[in-house]
Amino acid sequence: MSWEWRLLLENCTGCGICYDVCDFGAIRMEREMAYPEPISGRCTGCLTCARECPFGAIEVVRQEGVEQLE
Ligand code: SF4
Ligand code: SF4
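Conventions we followed
- Residues numbered from 1 in each chain as written.
- Chains lettered and ligands numbered in written order.
- Predicted model: local features only at pLDDT ≥ 70, side-chain atom pairs only at ≥ 80, totals over all residues.
- Heavy atoms only, no water.
- pLDDT = per-residue confidence, 0-100.
- Helix = DSSP H or I, 4+ residues; strand = E, 2+ residues; numbered from the N terminus.
- Core = buried A, V, L, I, M, F, W, Y, C linked by side-chain atoms within 4.5 Å.
- Buried < 20%, exposed > 50% of the residue type's maximum accessible area, 1.4 Å probe, protein only.
- Near = heavy atom within 4 Å.
- Nonpolar A, V, L, I, M, F, W, Y, C, P; charged D, E, K, R; others polar.
- Contact = heavy atoms within 4.5 Å.

Caption draft 1: Representation of the confidence of the model for the protein chain. Mean pLDDT over the protein chain stands at 89; residues scoring 70 or higher make up 89%. Within the protein chain, helix 2 (residues 48-52) carries the highest mean pLDDT (97), whereas strand 5 (residues 65-66) carries the lowest (57).

Caption draft 2: Layout of the nonpolar core. If you look at the biggest cluster of nonpolar residues, it comprises twelve residues: W3, W5, C18, C22, A26, I27, C43, L47, C49, A50, I58 and V60. Listing elements by their share of this core, those giving two or more residues are strand 1 (3-7), helix 2 and strand 4 (58-62).

Caption draft 3: Fine view of the site of ligand 2. Around ligand 2 lies a shell of 13 residues, among which W5, C22, C43, C46 and C49 are the nearest. Of the residues assigned to the shell around ligand 2, the class counts are ten nonpolar, three polar and no charged.

Caption draft 4: Spotlight on the environment of I17. On the secondary structure map, I17 appears in helix 1 (residues 17-21). Discounting residues that sit within four places of it in the chain, I17 has contacts with E52 and P54.

Caption draft 5: Focus on the site of ligand 1. Not every one of the 13 residues close to ligand 1 is listed here, only the nearest: C12, C15, G16, C18 and C53. Split by residue class, the shell around ligand 1 holds ten nonpolar, three polar and no charged.

Here's what the structure looks like:
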């Protein structure tokens, strides 16, 4: 199963929480970057980043469509 996460840029504040909570190294966020970026092929679809983002700025998706959180 292939997963990826997508950033809803209009909601993202660049706080970095998603980067801190991803245990799979699937989010890149370097100091000079204002926003996180996905690292292709690493996302496991665990949904932690989407749940922890205070601003609802992440969707985790797979081939079948958007994974609903609640
Ligand atoms: S946790 Fe949400 S608001 Fe913060 S950097 Fe990640 S996507 Fe953006
Ligand atoms: S869904 Fe899980 S593995 Fe994928 S980017 Fe978010 S925290 Fe990382």
